[in-house]
Amino acid sequence: MQTTDFDWPGYIALMAQILDMPLDDARRAELEVQLRRINAMAQPLMDFELDQRQEVAGVYQL
């Protein structure tokens, strides 16, 4: 499993600024907990190796 130390507090601060969404310290802390949980759930899927020949999505043409 790949582990990277992502700057969640920095990400949350940047997104709050971009979205013009004021967050108090309690909400920032809870949002960081939730984002870390989502990251932990998604990590096994992200670590799954796909065959180089396997298409990840179909290509539709008219």
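Residues numbered from 1 in each chain as written. Predicted model: local features only at pLDDT ≥ 70, side-chain atom pairs only at ≥ 80, totals over all residues. Heavy atoms only, no water.

All right, on to the packing of aromatic side chains then. One pass over the full model with this rule turns up three aromatic pairs. Relative to Tyr-11, the ring of Trp-8 lies with its centre 5.9 Å away and its plane at 90°, an arrangement referred to as edge-to-face. Taken together, the residues span about one helical turn, with Trp-8 and Tyr-11 both in helix H1 (residues 8-18) at a distance of three residues. Overall, the relative accessible area of 11% leaves Trp-8 in the buried class. Note on Tyr-11: relative accessible area 34%, which makes it partly exposed. (Phe/Tyr/Trp six-rings, centres within 6.5 Å; stacked < 30°, edge-to-face > 60°. Helix = DSSP H or I, 4+ residues; strand = E, 2+ residues; numbered from the N terminus. Buried < 20%, exposed > 50% of the residue type's maximum accessible area, 1.4 Å probe, protein only.)

Together, Leu-14, Ile-18, Leu-19 and Met-21 line one region of the surface with nonpolar side chains, adding up to about 400 Å² of accessible area. Counting through the fold element by element, Met-21 comes out in the loop between H1 and helix H2 (25-47). Residue Met-21 is classed as partly exposed on the basis of its relative accessible area, which comes to 43%. (Patch = residues over 30% accessible without salt bridge, like charges linked within 9 Å, V, L, I, M, F, W, Y side chains within 5 Å. Areas by Shrake-Rupley, 256 points an atom, 1.4 Å probe, with all protein chains shown as cover. Salt bridge = Lys/Arg side-chain N within 4 Å of Asp/Glu carboxyl O.)

Turning our attention to H1. Of the positions making up H1, those classed as buried are Trp-8, Ile-12 and Ala-16. Down the axis, H1 shows its buried residues gathered within 70° of arc, on one side only. Residues of H1 that are exposed and angled more than 90 degrees away from the buried face: Gln-17 and Ile-18. The backbone nitrogen of Gly-10 lies 3.1 Å from a side-chain oxygen of the residue at the head of H1, namely Asp-7. Trailing H1 by a residue or two, Asp-20 shows a phi angle of about 50°, which is positive. (Arc of directions from axis to C-beta. Polar contact = N/O pair within 3.5 Å; in protein donor to acceptor, adjacent residues only side chain to side chain.)

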